[in-house]
Amino acid sequence: MLSIRYLHAGVEGKDILRGIDLEVKAGEIHAVMGPNGSGKSTLAQVLAGHPAFAVTRGEVVYEGRNLLEMPPEERARAGVFLAFQYPIEIPGVSNAQFLKAAVNEVRTRQGLDELDAMEFLELLREKLALVEMDQSFVSRAVNEGFSGGEKKRNEILQMALLQPKLAILDETDSGLDIDALKIVANGINSLRTPDNAILLVTHYQRILSYVTPDRVHVLVGGRIVRSGGKDLALELEAKGYDWIREDAGAVQPARA
Amino acid sequence: MSMVATPKDTYLAGFAALERAGTAAPAWLHRIRRSAIDRFAEIGFPTVRLEDWKYTNVAAIAAIAFPPVLAEAPAGPGAEALEPFAFATPGPRLVFVNGRYSAKLSSPASPPSGVRVTSLAEALVTDAAAVERHLARHGDWARNGFTALSAAFAQDGAFVHLAPGTRVEEPIHLLFVAAVPAAPVLSQPRNLVVAERESRATIVEHYVAVGDDTYLTNAVTEVVAGEGAIVEHYRVQQESRRGFHVGTTEVRQARDSRFTSGSVSLGGRLARHDLNVRFDAEGASCELDGLYVVGDRQHVDNHTLIDHARPRCTSRQLYKGVLDGASRAVFNGRVIVRPDAQRTDAHQTNKNLLLSESAEVDTKPQLEIFADDVKCTHGAAVGRLGEDAVFYLRSRGLGETAARTLLTYGFVSDVLARIAVEPLRARLDALLMARLRDARAKETR
């Protein structure tokens, strides 16, 4: 579904990603872990098409298409979804209005009929239950005045509504209490089907107790320095990131 | 004998024709008209040398001869042409074509007893005393060429009179239609709203065009709010993209009266609105909301003046603007707090959103405070859409234009939400959302 090859990207002439290679197949969940500043969020943002980042080398193929040539909205319409680490507040636009616009935009581009107000409300009610949010949530302005946990749950709500093929979650677990974490994990698991893939970017192993990854990758200095099964996450949790940093340094002495 | 006639000559000739026609104006009105045309002959239209007109150049108006409409009830458009501007409210609707009352298109309904909703031309006959007491008495018609020209041709417009204690529940819809079959015309509605003690009404002044023509609307409205009266006033300007619009609203407020204003400016090649409020007694309050959404080469200018002449009055202003293309907006908010106007509470905010590189805003708060026990704040902002927010929406599948339009809608939605006339709010809401859909359609092509 997703092939990342030798991806270099950054801002203002400074590479943050320095040669990422990653293969994600349909039905898989991949966790990308790493210390602060390792490039995890940059990878997520680049895949979603954030204009602030420039890709300098490498390629990304998504379902046979050159992802990097697609503007962000086309990626979304083709089934790519990014749950933001810091969801944006949009004063004056109600959550319902925003969600309906997004759902119908993606539906029409996929050749489906737009949902009318009633159909949308029905769908919304079902998905709200999934993330344990009440109806009042949708009449408020998008993310405005939401608590950290509410913002993250709102991201999962959007994901549940848009039903992406490839969901990228950028530290969606950070700053959540255990109840919110379970809700978020539940939302992720409900998306797990043989046709979908999930890229879980996280700093901590915690969420992986609820969402079992097929593969775990460790990102250090803009490169994947180690990949393994779900046990790798536990090892990281136990030992921290330092050992792997040293390890990586030993393997790749040329790195500055 | 043959001389090149200047546009100014057109107005003077129009005035002479009005005099010859001997329209039965009462002597007091005749005197005002005469002084006003003399004043106009003397000063003409304002120029950018005047502080109040520094950012709004009306040379394009001054260069065109707009013959005043003198005839009664011009043929006008068919009722179906006005359909897009109707509201689904059962309230009275007066329609004016090129500034003249059209009985055929109007549905005055039957207002409650003690309430008069009619044309000024008729009121000059039927309500002579009330008209004489108020018409052209509020605000200084000699102030500039536009107000002088309006006074010189004062003959028709809307007349609303609320006897003490009366209430009109449904909004009174005043629809001013520009319909220009051939040459440019000068349409000069002159409106008078008198709300006596403890009365209450909602008035919607609505300026529209049925074609895409060049004309000049020069409208003046006087609102007199008696003791404890509540007047909700909306002013929606949707002139043609080639039309010129100049309007003045003069508001006088008695003790404990309340005036709310929603001034929405969408159309016109050049549009200027002066909203002047004076508190004549203690305890009065006003809330002025404004919204202007312009593009291309449109120019919109809002001047507000709140004269806190008496103590314990409250004013709040929120004007928001959205500018695209090479459009230009001016906001000048002047607040005067007179020496004995203690315990004044005045707040003013003007926020502008620029959608293009070439749009420009001149925003200027002007506070003149001569009392010491007052609470006055003002704020002005000019900004652009946040690129992170644009990306957020795009990452959810909205095209760039649709994303920007939704964010823009979000920017204006608080002003829209303050419009208490539901059908009007819904209409304006739909108008802005239609731009969202248009943007989307354009993108798909």
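Residues numbered from 1 in each chain as written. Chains lettered and ligands numbered in written order. Predicted model: local features only at pLDDT ≥ 70, side-chain atom pairs only at ≥ 80, totals over all residues. Heavy atoms only, no water.

## Describing the sheet that holds strand S1 (residues 2-11) of chain A
Residue and element names in this part refer to chain A. In spatial order, the strands read S2-S1-S4-S5; together these four strands make up an open sheet with antiparallel pairing. With one partner strand each, in any of the chains shown, strand S2 (14-24) and strand S5 (65-66) form the two edges of the open sheet. Strand contacts of helix H1 (residues 40-48): S1, S2 and strand S4 (54-62), with the helix running at about 110° to S1, the strand carrying the most contacts. (Pairing = 2+ DSSP bridges. Helix = DSSP H or I, 4+ residues; strand = E, 2+ residues; numbered from the N terminus. Contact = heavy atoms within 4.5 Å. Axes fitted to C-alpha atoms, helices over the stretch in contact; angles between N-to-C directions.)

## A few points about the packing of helix H1 (residues 7-21) of chain B against helix H2 (residues 27-43) of chain B
Residues and elements named next belong to chain B. It is the contact of H1 with H2, at a shortest axis distance of 10 Å, that shows an interaxial angle of 165°. With respect to their mutual orientation, H1 and H2 come out roughly antiparallel. In the packing of H1 onto H2, the handedness of the crossing is left-handed. In contact with Lys-8, Tyr-11, Leu-12, Phe-15, Leu-18 and Glu-19 of H1, H2 contributes His-30, Arg-33, Arg-34, Ile-37, Phe-40, Ala-41 and Glu-42. For the contact of H1 with H2, the class distribution of residues is seven nonpolar, one polar and five charged. (Parallel < 35°, antiparallel > 145°, perpendicular 65-115°, else oblique. Left-handed = near helix turned anticlockwise from the far one by under 90°. Nonpolar A, V, L, I, M, F, W, Y, C, P; charged D, E, K, R; others polar.)

## Describing empty space enclosed by the protein
Residues and elements named next belong to chain B. Taken as a whole, this structure holds eight cavities of 30 Å³ or more when the rule is applied. The computed volume of the largest cavity comes to approximately 70 Å³. Looking at the largest cavity, the residues that line it are Pro-68, Val-69, Asn-98, Gly-99, Arg-100, Phe-153, Gln-155, Asp-156, Leu-186 and Gln-188. Here the residues of the lining of the largest cavity are counted per class, giving four nonpolar, four polar and two charged. (1 Å grid on protein atoms, 1.4 Å probe; cavity = no way out; pocket = protein on both sides within 12 Å on 5 of 7 lines; lining within 4 Å. Points joined across faces, edges and corners; volume = space filled by probe spheres on them.)

## Structural notes on the sheet that holds strand S10 (residues 197-202) of chain A
By way of backbone hydrogen bonds, the strands of a sheet pair with one another, either parallel or antiparallel. All names here are of chain A. Within the open sheet, the six strands sit side by side as S6-S9-S10-S3-S11-S12. Their pairing is mixed. With one partner strand each, in any of the chains shown, strand S6 (80-83) and strand S12 (223-228) form the two edges of the open sheet. Neighbouring strand axes in the sheet, compared pairwise and without regard to direction, differ in orientation by 20° on average. Against the sheet, helix H8 (residues 231-239) engages strand S3 (29-33), strand S11 (215-220) and S12, with an angle of about 45° to S11.

## A short note on the pairing of strand S9 (residues 166-170) of chain A
All names here are of chain A. Most of S9 sits out of view: five of its five residues are buried. Side-chain alternation along S9 places Leu-166, Ile-168 and Asp-170 on one buried face and Ala-167 and Leu-169 on a second face that is also buried. Here S6 runs beside S9; their pairing, made up of four bridges, is parallel. Within the sheet, the bridge partner assigned to Val-80 lies in S9 and is Leu-166. When S9 meets S10, the two strands line up parallel, connected through five bridges. (Buried < 20%, exposed > 50% of the residue type's maximum accessible area, 1.4 Å probe, protein only.)

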